[in-house]
Amino acid sequence: AAAEEEPERRRVALVSLSGETTVTSDNDVWCGIAMVMERVGANIQDAAGTFMRNDKVSKSESCGGEWSFSAHPFGTRLTPMGAKMSDEGSDTFAIALLVKASIPEANIQLMSHILHTTFPRLVCTVTYGAHLNAEGNDAAAALVAGADGQEGAPRPLPEDRFLTGTIRLFGPDKVGQLATIAAVLAQCSVSILNLLVTTGFGDRDTYEFLDRAGGPLSENVISVAAFDRAAFDEARFKEEVTEAAKRVGYTAISIVVDAQANRARVREELADYYLSRKSSIRDYIQNTDTNDLSWL
């Protein structure tokens, strides 16, 4: 009988791309990433990105003569070789993209090479880590599974050593809010695994939250983990995060610890949160004139 083939060994890889790019018909960064992933047999598990308009890479006197783009790998400093990187007549944007993918172990170096040659104007990093298990999921995936059930129930880790949870915070966007929340989480021996920040406006008719970059309202969805289960005090954790969130201006707060949650309780908690968010938006609209939607 023929010997059974060994299963393909796969790893998790984090890929980042940042820098300046131009908008042309033959330059779509996301399409380029998708083609690279297909070529090396990688499967994207998570991805995010953002951009801003940028005239050109140059030195700014208002910022002490600093370049508008620079990289600092391993304690060194890299700056562009010249001030002009963009194509004439093309719109120029600064971008930052992050991709988490599973990839055959044998193709990691190939992926890195193709990314660097496909996007020569961007700074590209590739970091690979855990092997995938037989089900195709790495250990970290169990940590970032949300409490909503959107990605299925969190998978238990060996010895069930970790506690995970999801925090939702909504209110007027203010400087320093995340710093305060992160400090409280650290005091409670809790680490941030994933952070989604969305800014926007409130609808004057429905009091729903409208996702628009630069709006005066913000919503933060924070996936967290307590790595030392024995030292974790859930009551203290919820009390201190809630108090800190109110202190920095958040008006709708939800904290769900996965181990103590069931589907019915999670649905009830989320329903309460979204009702509180609508009430917060109504109060905000009635008491401020900065919720201007005329430009939408």
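Residues numbered from 1 in each chain as written. Predicted model: local features only at pLDDT ≥ 70, side-chain atom pairs only at ≥ 80, totals over all residues. Heavy atoms only, no water.

Caption draft 1: Fine view of the pattern of salt bridges. For the structure shown, the criterion picks out 11 salt bridges. Close ionic contact of Glu 240 with Arg 236 constitutes a salt bridge, the shortest N to O distance being 2.9 Å. Residue Glu 240 and its partner Arg 236 are located together in helix H5 (residues 234-247), separated by four residues, close to a single helical turn. Between Glu 243 and Arg 247 there is a salt bridge whose closest N-O contact spans 2.4 Å. Placement of both Glu 243 and Arg 247 in helix H5 is noted, with a separation of four residues, approximately one turn of the helix. (Salt bridge = Lys/Arg side-chain N within 4 Å of Asp/Glu carboxyl O. Helix = DSSP H or I, 4+ residues; strand = E, 2+ residues; numbered from the N terminus.)

Caption draft 2: Local environment of the packing of aromatic side chains. Considering all chains together, one arrives at five aromatic pairs under this definition. An angle of 90° between the planes, with centres 5.2 Å apart, marks the rings of Phe 162 and Phe 227 as edge-to-face. Of this pair, Phe 162 sits in the loop between helix H3 (139-144) and strand E7 (163-172) while Phe 227 sits in the loop between strand E10 (217-226) and H5, placing them 65 residues apart in sequence. Ring centres 5.2 Å apart and planes at 65° place the aromatic pair Tyr 273 and Tyr 274 in the edge-to-face group. With a relative accessible area of 2%, Tyr 273 lands in the buried category. (Phe/Tyr/Trp six-rings, centres within 6.5 Å; stacked < 30°, edge-to-face > 60°. Buried < 20%, exposed > 50% of the residue type's maximum accessible area, 1.4 Å probe, protein only.)

Caption draft 3: Layout of the confidence of the model for the protein. Here the protein averages 80 in pLDDT, and 74% of its residues register 70 or above. Least confident of the elements in the protein is H3, whose mean pLDDT is 46; most confident is H5, at 96. Low confidence marks residues 138-159, where pLDDT is under 50. Its contacts with residues over four positions away, or in another chain, come to 38 contacts. (pLDDT = per-residue confidence, 0-100. Contact = heavy atoms within 4.5 Å.)

Caption draft 4: Region of interest: unusual backbone geometry. One non-glycine residue, Ser 189, lies in the positive phi region at around 60°. On the basis of relative accessible area, Ser 189 is assigned to the partly exposed category, the value being 40%. At Tyr 207, a position not held by glycine, the phi torsion is positive, near 60°. A relative accessible area of 25% means that Tyr 207 is categorised as partly exposed.

Caption draft 5: Structural context of the side chain of Arg 10. Secondary-structure assignment places Arg 10 in strand E1 (residues 10-23). A distance of 3.0 Å separates a polar atom in the side chain of Arg 10 from the backbone oxygen of Gly 41. From its side chain, Arg 10 meets the backbone oxygen of Ser 102 in a polar contact 2.9 Å long. When residues no more than four places from it in sequence are discounted, the contact partners of Arg 10 are Gly 41, Ala 42, Asn 43, Ser 102, Ile 103, Pro 104, Glu 105, Ala 130, His 131 and Leu 132. (Polar contact = N/O pair within 3.5 Å; in protein donor to acceptor, adjacent residues only side chain to side chain.)

Caption draft 6: Broad picture of a nonpolar patch on the surface. There is a patch of nonpolar side chains on the surface, built from Leu 178, Ile 192, Leu 195 and Val 197 and spanning about 280 Å² of accessible area. Top element by residues in the nonpolar patch is strand E8 (residues 191-202). It accounts for three residues. On the secondary structure map, Val 197 appears in strand E8. (Patch = residues over 30% accessible without salt bridge, like charges linked within 9 Å, V, L, I, M, F, W, Y side chains within 5 Å. Areas by Shrake-Rupley, 256 points an atom, 1.4 Å probe, with all protein chains shown as cover.)

Caption draft 7: Spatial organisation of the pairing of E7. In terms of burial, E7 is largely enclosed, as nine of its 10 residues are buried. As defined by bridge partners, E7 adjoins E10 across 10 bridges and the pair is classed as antiparallel. Within E10, the position partnered with Ile 167 by the bridge is Ile 222. When E7 meets strand E11 (residues 252-257), the two strands line up antiparallel, connected through six bridges. Bridging across to E11, Ile 167 finds its partner in Ile 255. (Pairing = 2+ DSSP bridges.)

Caption draft 8: Fine view of the packing of helix H4 (residues 177-187) against H5. At a closest axis distance of 9 Å, the pairing of H4 and H5 adopts a crossing angle of 165°. It follows from the interaxial angle that H4 and H5 lie roughly antiparallel. In this structure, H4 meets H5 at a crossing whose hand is right-handed. Only Arg 236, Phe 237, Glu 240, Val 241, Ala 244, Ala 245 and Arg 247 of H5 make contact with H4, whose side of the interface consists of Thr 180, Ile 181, Val 184, Leu 185 and Gln 187. A breakdown of the residues in the contact of H4 with H5 according to their chemical character gives seven nonpolar, two polar and three charged. (Axes fitted to C-alpha atoms, helices over the stretch in contact; angles between N-to-C directions. Parallel < 35°, antiparallel > 145°, perpendicular 65-115°, else oblique. Left-handed = near helix turned anticlockwise from the far one by under 90°. Nonpolar A, V, L, I, M, F, W, Y, C, P; charged D, E, K, R; others polar.)

Caption draft 9: Broad picture of the sheet that holds E7. In spatial order, the strands read E9-E8-E10-E7-E11; together these five strands make up an open sheet with antiparallel pairing. Each of the sheet's edge strands pairs with one partner strand only, and the pair in question is strand E9 (209-211) and E11. Sheet twist, expressed as the average angle between the axes of neighbouring strands with direction ignored, equals 25°. Lying over the sheet, H5 contacts E7, E10 and E11, oriented at roughly 160° with respect to E11.

Caption draft 10: Fine view of the environment of Ala 101. When you line up the elements, Ala 101 lands in strand E5 (residues 91-104). Between the C-alpha atom of Ala 101 and that of Gln 45, which follows or precedes it by 56 residues, the distance is 5.1 Å. In this structure Ala 101 touches Arg 11, Val 12, Ala 13, Met 37, Ala 42, Asn 43, Ile 44 and Gln 45, once residues within four positions along its chain are discounted.

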